[in-house]
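Inside the fold
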Amino acid sequence: RLRETLEGKLFDTVQLIRILLYGLQMDFLRHLPGMGRLAIFLEGLLTRKKLYSEFFSESNVQCVLVPGLGNWGFWNELVLAREAQKRHILTVAAITNYDNLVNRGFRGFMPDTLAVWSRLMADEAMKLHGIPADRIEITGPVQFDSYFKP
């Protein structure tokens, strides 16, 4: 029963097409110089704001960790992070690839903390996305941490 419910929501063709078209439009806008903040504003007006409300209501989530900044290719994470922030839940974004900050357009949300790989990435986050230095932590590539467990 759970699987049928999930598949019904995940594979709704009309919904997937709408999300894809919306995402492509917003990503195009985010890639235009100086238009990133406008894209964030428009997304705030246009996006469904209660997509994860049932999840947040039923759980006692204290922090949300998402890969990326809600830019190109990270639409679901964007919606999750924004809804968490509206509920005053701490949001942490971890950059999962060396070129995500420079190659995927303007950020979709302002994380409470951004985990980056290096000082260079921290500089790119500040310069390209306007993220304050006090919100950035240099952690290295967190997705590989499990390889270094004893």
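Numbers given for residues are sequential positions, taken from 1 along each chain in its written order. pLDDT decides what is reported in this predicted model: residues at 70 or higher carry local features, side-chain atom pairs at 80 or more are listed and counted, and totals for whole chains, interfaces and linings draw on all residues regardless. Hydrogens are left out, water is left out, and the side-chain values use all remaining heavy atoms of the structure.

The next point concerns the overall build of the chain. If you tally the helices and strands in the chain, you get seven helices and four strands. Going residue by residue from the N terminus, the α and β elements of the chain occur as α-α-α-α-β-α-β-α-β-α-β. Residues classed as buried in the chain amount to 35% of the 150 residues present. Accessible surface, the chain as shown: approximately 9,700 Å² in total, 61% of it carbon and sulfur. In this text, helices come from DSSP runs of H or I with a minimum length of four residues, and strands from runs of E with a minimum of two, each type numbered from the N-terminal end. Between buried and exposed lies partly exposed: a residue is buried under 20% and exposed over 50% of the maximum accessible area for its type, with that area taken using a 1.4 Å probe on protein chains only. Computed by Shrake-Rupley with a 1.4 Å probe, the accessible areas treat only the displayed protein chains as cover when residues are assessed.

What follows deals with the pattern of salt bridges. Only one rule defines a salt bridge in this text: a Lys or Arg side-chain nitrogen within 4 Å of an Asp or Glu carboxyl oxygen. On inspection of all chains with the given rule, the structure shows two salt bridges. One salt bridge in this structure joins Glu83 and Arg87, with 3.9 Å as the shortest N-O distance. By relative accessible area, which is 35% here, Arg87 ends up partly exposed. Measuring nitrogen to oxygen at the nearest pair gives 2.9 Å for the salt bridge that ties Asp123 to Arg119.

A few words now on the packing of aromatic side chains. Each pair of aromatic rings taken from Phe, Tyr and Trp, with Trp reduced to its six-membered ring, is defined by centres within 6.5 Å and is described as stacked if the planes are under 30 degrees apart, edge-to-face if over 60, and tilted in the remaining cases. Within this structure, the stated rule accounts for two aromatic pairs. Measuring from centroid to centroid gives 6.2 Å for Phe144 and Tyr147, while their planes differ by 35 degrees, and the two rings are tilted.

Within strand S2 (residues 90-94), four of the five residues are buried, which leaves it mostly tucked inside the rest of the structure. By the convention used here, strands pair only if DSSP detects at least 2 bridges between them. Relative to S2, strand S1 (residues 63-67) is paired through five bridges, and the arrangement is parallel. Bridge pairing in S2 places Val64 opposite Thr91. Sheet topology places S2 next to strand S3 (residues 113-116); three bridges connect them, and they run parallel. By the bridge assignment, Ala93 is partnered in S3 with Leu114.

Within the largest apolar cluster, 20 residues are counted, with the highest numbers of intra-cluster contacts made by Val64, Leu69, Ile95, Leu101, Leu114, Val116 and Ile136. Of all the secondary-structure elements, those providing two or more residues to this core are S1, helix H5 (75-86), S3 and helix H7 (119-129). Counting residues per element, this core draws most heavily on H5, which supplies four residues. Contacts are assigned to residue pairs with any non-hydrogen atoms lying within 4.5 Å of each other. Apart from the residues lying within four places of it in its own chain, the contact partners of Leu114 are Leu69, Ala93, Ile95, Ala125, Ile131, Arg135, Ile136 and Glu137. As used here, the term nonpolar core means buried Ala, Val, Leu, Ile, Met, Phe, Trp, Tyr and Cys residues forming a set that is joined through side-chain atoms within 4.5 Å.

As summarised here, the arrangement of the four strands in space is S1-S2-S3-S4, forming an open sheet in which the pairing is parallel. Two strands close off the open sheet at either side, each with one partner strand: S1 and strand S4 (136-138). Taken over all neighbouring pairs, the strand axes of this sheet differ in orientation by 20 degrees on average, direction set aside. Sheet topology note: the S3/S4 ladder contains three bridges and is parallel. Within S4, the residue paired with Leu114 across the bridge is Ile136. To obtain an axis, a line is fitted to C-alpha atoms, over the contacting stretch when the element is a helix, and the angle between two such axes runs from 0 to 180 degrees between their N-to-C directions. Helix-sheet contacts for H5 involve S1 and S2, and the interaxial angle to S1 is about 155 degrees. Sitting on the sheet, H7 touches S3 and S4, and the angle it makes with S4 is about 165 degrees.

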